[in-house]
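Single-letter residue listing:
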Amino acid sequence: MKNVLPWAPLAVLDLLDRRVLHALQIDGRVSFARIGEVLGVSDQTIARRYARLRRDGVARVLGLTDPLRIGLTPWLVRVRCTPDAAASVGEALARRTDTRWVSLISGGTEISCTMQSEAPGQGSSLLLQKLPRTPRVVQVDAHAMLHVFFGQDLSPVSRLGPLTDDEAAALVSPDAPSQRPAEAAEPFPLDDGDRRMLDLLSVDGRAPAAELAAATGWSQTTVRRRLAQLRSSGALYFDVDVETDRLGPELRAGLWLEVEPARLAEVGRALAEHEEVAFAAATTGTANVYAAVTCQGPGALYRYLTGPVAALPGIRRTETAPILRVLKGAGPRADVRRAERPAR
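1. Here's the deal with unusual backbone geometry
In this structure, tryptophan 101 is a non-glycine residue whose phi angle is positive, near 50°. Residue placement: tryptophan 101 occurs in strand E3 (residues 99-105). Residue classification places tryptophan 101 among the partly exposed residues on the basis of a relative accessible area of 43%. The phi dihedral of arginine 136 falls on the positive side, at around 70°, and the residue is not glycine. On the secondary structure map, arginine 136 appears in the loop between helix H5 (126-130) and strand E5 (137-150).

Structure, rendered in structure tokens:
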């Protein structure tokens, strides 16, 4: 058995809630019966727990695409605004379909977000061409995301969740890729049916095969086969979107690192092991590594920056910006996430 550590943002949930969320982080479409079998409780209990978490807006399973795997370019963007404009510009960005993780940072005068091109081979999002001309936008910095060290199907609960190693291994999907595809791999092609299915999964990662079949016009057998292909290729992954604002006090921050190129991979691997890191990626630009971190207050952030971060090799410069408010997470807007759907 591994040394089980509590995942701080989930500390206000009881142990069974956290075990259920850990199981769903491992495989977002695993059956409640299988979770119950592994955890030693009834499938009805698991279904009720997830239904409550989803109904209360605490957590939901999302089926998301890896843009790098399907030939799209994701961009990490910082938008500096006049002091009175950041909130309204941020809300406008959050309503767009090509943005994710829209946050107010740096005292509320900046916005950070990710966005991606709309078609394979398109060098940058059309939005990046419009933003600099937006009234009250002072500066736009955009950096292409090259490689994800930690994130997507992985989250802090992947490292610190309450399941034992044996329990976690019993929940791994046979369709999950054995390793992340290399960046040089050919993009995985999507057709219109795939896109309709992925649109539905981005709102409800546990949408049943019958619902996916109705959206695509395919048979349920074809839906299941295509889901397996998308998952095994790495084009589709499942994540548990947790409403951290409802789960207790914490300090979140964006961390930009300028790293010597020869140490880039080493730094990325080290960050992926840090308990504080929720996401880490290599990007273009002078600051060539970005990490989103979560700490239990300013003192914990100070200790993290002066301890594990300071010990990283090849660090030339660091910049830290507190994340004041998350306007949009990994999936569609909050008004979509509260749509009346039965838990599955």
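The rest of the description comes next.
2. Looking at the pairing of strand E7 (residues 251-259)
Sheet faces and side chains relate simply in a regular strand, where the side chains alternate between the two faces. The buried fraction of E7 amounts to 8 of the 9 residues, a majority that puts the element mostly inside the structure. With 7 bridges connecting them, E7 and strand E9 (residues 289-295) associate as antiparallel partners. Across the sheet, residue tryptophan 256 finds its bridge partner in E9, namely tyrosine 290. Bridge count between E7 and strand E10 (residues 315-328): 7 bridges; the pairing is antiparallel. Opposite leucine 257, over in E10, you have threonine 318 as the bridge partner.

3. Some remarks on the packing of aromatic side chains
Counted under the stated rule, the structure contains 2 aromatic pairs. Taking 6.0 Å as the distance between ring centres and 50° as the angle between the ring planes, the aromatic pair formed by phenylalanine 32 and tyrosine 50 counts as tilted. Of this pair, phenylalanine 32 sits in helix H2 (residues 32-39) while tyrosine 50 sits in helix H3 (residues 43-55), placing them 18 residues apart in sequence. Per residue, the accessibility class of phenylalanine 32 equals that of tyrosine 50, and both read buried. Between tryptophan 256 and tyrosine 290, the ring centres sit 5.1 Å apart and the planes meet at 55°, which makes this aromatic pair tilted. Linking tryptophan 256 in strand E7 with tyrosine 290 in strand E9, this pair joins segments that are 34 residues apart in sequence. The lysine or arginine in question, arginine 206, covers the ring of phenylalanine 32, its NZ or CZ lying 4.2 Å from the ring centre.

4. Some remarks on the pattern of salt bridges
Taken as a whole and judged by the stated rule, the model has 22 salt bridges. Residues aspartate 241 and arginine 60 are paired through a salt bridge, measuring 3.5 Å at the closest nitrogen-oxygen approach. You can see aspartate 241 sitting in strand E6 (residues 236-242) and its partner arginine 60 sitting in strand E1 (residues 59-65), a full 181 residues away along the chain. Classification of aspartate 241 by relative accessible area gives buried; the value is 6%. Between aspartate 194 and arginine 226 there is a salt bridge, with its nearest N and O atoms 2.7 Å apart. On the criterion of sequence distance, the pair formed by aspartate 194 in helix H8 (residues 192-201) and arginine 226 in helix H10 (residues 220-233) is long-range, its members being 32 residues apart. Exposure class is identical for aspartate 194 and arginine 226. Each is buried. When salt bridges with common partners are traced through the structure, they connect Arg78, Arg80, Glu110, Asp141, Glu258, Arg316, Arg317 and Glu319 into a single cluster.

5. Overview of the confidence of the model for the protein chain
Residues at a pLDDT of 70 or more form 86% of the protein chain, whose mean pLDDT is 87. When the criterion is pLDDT under 50, residues 1-8 qualifies, and its contacts beyond four places in sequence or with other chains add up to 19 contacts. Across residues 336-343, where pLDDT falls below 50, the model places 17 contacts with residues more than four positions away in sequence or in other chains.

6. Re the nonpolar core
Formed by 39 residues in total, the largest nonpolar core has its most connected members in Leu24, Ile35, Leu39, Leu201, Leu212 and Leu230. Taken together, the elements giving at least two residues each to this core come down to helix H1 (15-26), H2, H3, E1, H8, helix H9 (209-216), H10 and E6. Leucine 39 has contacts with Leu16, Arg19, Val20, Ile46 and Leu163, leaving out every residue within four places of it along the chain.

7. Description of the environment of threonine 82
Structurally, the position occupied by threonine 82 is in the loop between strand E2 (74-81) and helix H4 (86-94). Judged by relative accessible area, which is 24%, threonine 82 ranks as partly exposed. The sequence separation of threonine 82 and valine 137 amounts to 55 residues, and the corresponding C-alpha distance is 6.6 Å. Excluding its chain neighbours within four sequence positions, the residues that come into contact with threonine 82 are Arg136 and Val138.

8. Examining the side chain of serine 173
Mapping serine 173 onto the fold places it in the loop between helix H7 (165-170) and H8. Reaching out from serine 173, the side chain makes a polar contact with the backbone nitrogen of aspartate 175 at a distance of 3.0 Å. The residues touching serine 173, leaving out its near neighbours within four places in the chain, are Asp27 and Arg231.

9. What about the packing of H9 against H10?
At their nearest, the axes of H9 and H10 sit 9 Å apart, and the two run at 100° to each other. One element, H9, and the other, H10, form an angle in the roughly perpendicular class. In this structure, H9 uses Ala209, Ala210, Leu212, Ala213 and Thr216 to contact H10, whose residues at the interface are Gln220, Val223, Arg224 and Leu227. Class assignment of the residues belonging to the contact of H9 with H10 gives a composition of 6 nonpolar, 2 polar and 1 charged.

10. Things to note about the sheet that holds E2
Taken in spatial order, the 8 strands of this closed barrel run E2-E4-E3-E10-E7-E9-E8-E5, and their pairing is antiparallel. Averaged over all neighbouring strand pairs, the angle between strand axes comes to 35°, with direction disregarded. In the sheet, strand E8 (residues 277-283) pairs with E9 via 5 bridges, with the strands oriented antiparallel. Pairing of alanine 282 across the sheet is with valine 289, part of E9. Packed on one face of the sheet, H4 meets E2, E3, strand E4 (110-116), E5 and E10 and runs near 170° to E3. Where helix H12 (residues 298-309) meets the sheet, it contacts E7, E8, E9 and E10, and its direction lies at approximately 20° from that of E7.

Reading guide: rules and limits
- Residues numbered from 1 in each chain as written.
- Predicted model: local features only at pLDDT ≥ 70, side-chain atom pairs only at ≥ 80, totals over all residues.
- Heavy atoms only, no water.
- Helix = DSSP H or I, 4+ residues; strand = E, 2+ residues; numbered from the N terminus.
- Buried < 20%, exposed > 50% of the residue type's maximum accessible area, 1.4 Å probe, protein only.
- Pairing = 2+ DSSP bridges.
- Phe/Tyr/Trp six-rings, centres within 6.5 Å; stacked < 30°, edge-to-face > 60°.
- Lys NZ or Arg CZ within 6 Å of the ring centre and 35° of its normal.
- Salt bridge = Lys/Arg side-chain N within 4 Å of Asp/Glu carboxyl O.
- pLDDT = per-residue confidence, 0-100.
- Contact = heavy atoms within 4.5 Å.
- Core = buried A, V, L, I, M, F, W, Y, C linked by side-chain atoms within 4.5 Å.
- Polar contact = N/O pair within 3.5 Å; in protein donor to acceptor, adjacent residues only side chain to side chain.
- Axes fitted to C-alpha atoms, helices over the stretch in contact; angles between N-to-C directions.
- Parallel < 35°, antiparallel > 145°, perpendicular 65-115°, else oblique.
- Nonpolar A, V, L, I, M, F, W, Y, C, P; charged D, E, K, R; others polar.

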